Amino acid sequence: MINLDSEINELLTKSPYILEDREKNQILTGILKIQLENAVENNTHIKNMFSKQGIDISSITKIEEIPQIPVQMFKYFNLSTCDSGNIVKILRSSGTTSDNTSMVPLNKKTVLKQMKSLKQILSDYMGNKRKIFLVIDHEGINNSVSEFSARTAGVRGLSIYAKDTYYLLKEENGKLTLNEPVIKEVIEKYSGKDVYAFGFTYIIWSVFYKQIIEKDISFAFNDILLFHSGGWKKLKEEKVSKEFFSEALSSVFNTDTGNILDFYGMAEQTGIIFVDCECGNKHVPNISQVIVRNPYSLQPCAVGEIGMIEILSILSDSYYSQAILTEDLGYVVGIDDCPCGRKGTYFRFSSRIEKAEIRGCGDTFKE
Amino acid sequence: MNFVVKCYLLDGKFSEQNPDNFAAISHIVNANRRALYELPLPIIIEMLSAMGKKIIKNPHLNKIQGMTYLSLWLRKKNLEQICRINYGNLSYPDSFSKVENRFKLTAQPRGVVCLWVAANIPNLAIISIIQTILSKNGSIVKVPEENKDVLLDFLQELATVEISYDDTNYSAIDIVKAISVVSFEGRNHEISADFSINADCRLIYGGSKAIQSILALPQKDHCETIVYGPKYSFCVFDHAFIESDLFENSLEKTAKDIASFNQMACSSPQVLFFEKSKYQLQHIGERLGGYFANLPEDLRIQPTDPGILANIINIRAKYLLSDDKSVIASDDLSWTILIDNDLRLEEPIHGKCIFLKEVDSVDNVTELITRKIQALSVSILDPEKRENFALEATYCGVDRIVSPGTIHDYDLPWDGILPLSRLVRWTILK
């Protein structure tokens, strides 16, 4: 019989990308199956789903057979898998493409595991030392207690290694501008020192970068690590590629382009971020797996074939995190053989699935 | 103006050009429509009918969904019937004809018709062009890039049609010369406005947003606008029909109605309502699923927009997670049957995703009808009950009451419109 907590904790103490894919799948499948039993027992919606599809958990032998729930379902159903009395926090993610709000119930155990996981992943990129944390956003983004956007998630998650935090933007009448006094202070105090930064990709580009260039401000952060995420759709519309973005930002900070790190993540899988390695690939940590599925057949895609990204995770026992099908497209680049040395599946994000635009006469019944 | 228009057919020549504006195109089409006007209507019908026969032999055309149907639709008898229903008298488009001994009447073409054709049905442009030809108008068709080859292949073939009638030779090149095929970015207001202002008549297909923006474009004061707007279709079955021998065959035909055009047409059924009968809804769903599974490969597996696939994944999950709902579906996303008893119409998902609902009485369904319901496939066994239901349903807003297997038949009137009679000016001579 597997002792879930000790198994998961053991995985969380290892180097995050040490497991080869086959070995990882074997370990995760065993853990996931136990978690599924718990989910079915504790949530009638999940029980409905399993019974209507005739799924026998004991007969699951491969990780790709774990039933996935589309990420949108967090907007319509309570997917809690633990006693409601144990819920300490409900993440409400506003998302970027819909008016509805996702609800992700968290218990103490899940929150702790998420923090451990994030620490483990970040340490692989920046070591264990606390550093000055520069947030390329305004301070209000971290104030809200009810809403939890991708921006908030990023700031809170990455602050785990923060010695001190500085917000480089300010909000005035709903508009973001440079927080020049803070920027001045940061330049004076920390130029040449070890710092790390986070921002929403589109805000970094459209607000921070453009205003920094306009005001001719430059930094001397040779060893900065700039983590950024989200908003690629808008950047693509502006014909800004990932490479161009990295070059532009590295020149602003006076650092190497390899220190500008794009990552992929979602509020429904808090605790896991998929950060670019030096080869530009996103790696999957020990406690998680990524399957790219053909959007039509739902079967796993071959290496290089674009499909829907599914994220599996063993971090939560408070909600169904075990297999979440995203509405993002990406492709697996390879398995176990990235030149960076990290083991497991490595992949790249391509785009969000565009909302279906019905061009024609077949339409709603509403007048 | 940054004028980015591709013109694929002008003055009978099939070559890509980038015109500076639509005035030049309109001028040529307008000049060439005289030759079309001088062709007697029976000759035009003969040539279109000859084209119908050619479709079957053309390997490019006969593979396209809906083209076999189109070749049948172009039968001489059918075209004559269409003209009779629309004009009342086949001689009106050719000459003045007496009306009840009071005065004479003729149907004159409006001039140049500009057509905005939607992308969801590959042969929609062809069907629209036939109407402008039968009304002897010149046409400029804005065709979706992805469907332009279907129309151009059709017109290229049509241009080769020649017939002899009463010792006179006629060539369909005179028809084709009165047609121009263009494409441009519909969101470009300047180009769209220029296109619109050149029209004597506008024929528009599209969803709500497209229709509203086209209607807001400038137009000539005399311009007539015919709108085939967004519509919705569904089916009802009464218990007597469900329990009759006719049901099985109708269920199979309904599966094909849903599958045609990957459920993207305004005539595609989105919901099936079944009156309570001796059969459980789940059982009916499983039988319908069997017909989906046995659809011909080209109907079962059709290219589907990833956004629609995501919607199918989401709606399947919603029904799986919910109480009192069930799903019968293929392993892949080729077809999905969603079962519940909520008495309502559902937003279309498309991609062969159909909602099945049980109702106490088919009469309950009429309260759901809006003015946007295009076709209602009605399977009610008793003819009198069916006709009474049809009368009430059409009063509530439905345009067409049909039987399973005929929902996509291109009947005229369509959407409540007799298009040929609107594509002409009715002129009198006293």
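By the naming in an unreviewed UniProt entry, chain B is Acyl-CoA reductase, taken from Methanogenium organophilum.

Going by the annotation in an unreviewed UniProt entry, the name recorded for chain A is Acyl-protein synthetase, with Methanogenium organophilum given as the source organism.

Student: Now, about the overall build of chain A: what can you tell me, with residues and values included?
Tutor: Of regular secondary structure, chain A possesses nine helices and 16 strands. Relative to the compact-globule value of 21 Å for 367 residues, chain A shows a C-alpha radius of gyration of 21 Å, a close match. The C-alpha extent of chain A, read off along each of the three principal axes, is 65 × 60 × 45 Å. Counting all 367 residues of chain A, 54% fall into the buried class. Sequence separation of at least 24 residues holds for 70% of the intrachain contacts in chain A that already meet a minimum separation of 6. With an accessible surface of roughly 16,000 Å², chain A has 48% of that area assigned to carbon and sulfur atoms.

Student: Outline helix H9 (residues 242-253) of chain A, listing residues and values.
Tutor: All names here are of chain A. If you check H9, its first and last C-alpha atoms are 17 Å apart, about what twelve residues at 1.5 Å a residue would give, namely 16 Å. Along H9, the residues classified as buried are Phe245, Ser246, Ala248, Leu249, Ser250, Val252 and Phe253. Buried residues along H9 sit in contact with helix H7 (201-214), strand S9 (225-229), helix H8 (232-237) and strand S10 (260-264). Backbone geometry just downstream of H9 places asparagine 254 in the positive-phi region, at approximately 60°.

Student: Please set out the packing of helix H2 (residues 21-42) of chain A against helix H3 (residues 44-52) of chain A residue by residue, giving values where relevant.
Tutor: Residues and elements named next belong to chain A. Following both chains from N to C, one finds H2 and H3 inclined at 115°, their axes separated by 5 Å at the closest point. Put simply, H2 runs roughly perpendicular to H3. Where H2 approaches H3, its residues Leu36, Ala39, Val40 and Asn42 are matched on the opposing element by Thr44, Ile46, Lys47 and Phe50. By residue class, the composition of the contact of H2 with H3 is five nonpolar, two polar and one charged.

Student: Residues and numbers for the packing of aromatic side chains, please.
Tutor: By the definition in use, this model includes 33 aromatic pairs over all chains. With a centroid separation of 5.8 Å and 20° between ring planes, the pair formed by phenylalanine 219 of chain A and phenylalanine 221 of chain A is classed as stacked. For the pair phenylalanine 219 of chain A and phenylalanine 221 of chain A, a shared accessibility class is recorded, and that class is buried. Here phenylalanine 237 of chain B and phenylalanine 241 of chain B contribute two aromatic rings whose centre-to-centre distance is 6.3 Å and whose plane-to-plane angle is 55°, an arrangement assigned as tilted. Take phenylalanine 241 of chain B: its relative accessible area is 8%, and that puts it in the buried class. Cluster of aromatic residues (ring-pair linked, three or more members): Trp205, Tyr209, Phe244 and Phe245 of chain A.

Student: So what's going on with the interface of chain A and chain B? Which residues, and what values?
Tutor: Counting residues at the interface gives 34 residues for chain A and 49 residues for chain B. When chain A packs against chain B, the two sides together hide about 3,400 Å² of surface, and 62% of this comes from carbon and sulfur. Where chain A meets chain B, there are zero salt bridges. Listing elements by their share of the side of chain A that touches chain B, those giving two or more residues are H3, strand S1 (69-70) and strand S15 (323-335) of chain A.

Student: Which residues make up the pattern of salt bridges, and what values go with them?
Tutor: Within this structure, the stated rule accounts for 41 salt bridges over all chains. Here lysine 129 of chain A makes a salt bridge to aspartate 194 of chain A, at a shortest N to O gap of 4.0 Å. In this pair, lysine 129 of chain A is assigned in the loop between helix H4 (108-126) and strand S4 (131-135) and aspartate 194 of chain A in the loop between helix H6 (180-190) and strand S8 (195-200), connecting sequence segments 65 residues apart. A salt bridge links glutamate 46 of chain B to lysine 76 of chain B; the shortest N-O distance between them is 2.9 Å. Of this pair, glutamate 46 of chain B sits in helix H2 (residues 41-57) while lysine 76 of chain B sits in helix H5 (residues 76-87), placing them 30 residues apart in sequence. Look at lysine 76 of chain B and you get partly exposed, because its relative accessible area is 36%. Each of Lys325, Asp340, Asp342, Arg344, Glu346 and Lys357 of chain B takes part in one network of salt bridges that share partners.

Reading guide: rules and limits
- Residues numbered from 1 in each chain as written.
- Chains lettered and ligands numbered in written order.
- Predicted model: local features only at pLDDT ≥ 70, side-chain atom pairs only at ≥ 80, totals over all residues.
- Heavy atoms only, no water.
- Helix = DSSP H or I, 4+ residues; strand = E, 2+ residues; numbered from the N terminus.
- Rg over C-alpha atoms; globule rule 2.2 N^0.38 Å.
- Buried < 20%, exposed > 50% of the residue type's maximum accessible area, 1.4 Å probe, protein only.
- Contact = heavy atoms within 4.5 Å.
- Areas by Shrake-Rupley, 256 points an atom, 1.4 Å probe, with all protein chains shown as cover.
- Expected span 1.5 Å × (residues − 1).
- Axes fitted to C-alpha atoms, helices over the stretch in contact; angles between N-to-C directions.
- Parallel < 35°, antiparallel > 145°, perpendicular 65-115°, else oblique.
- Nonpolar A, V, L, I, M, F, W, Y, C, P; charged D, E, K, R; others polar.
- Phe/Tyr/Trp six-rings, centres within 6.5 Å; stacked < 30°, edge-to-face > 60°.
- Buried area = accessible area lost by both parts, 1.4 Å probe.
- Salt bridge = Lys/Arg side-chain N within 4 Å of Asp/Glu carboxyl O.

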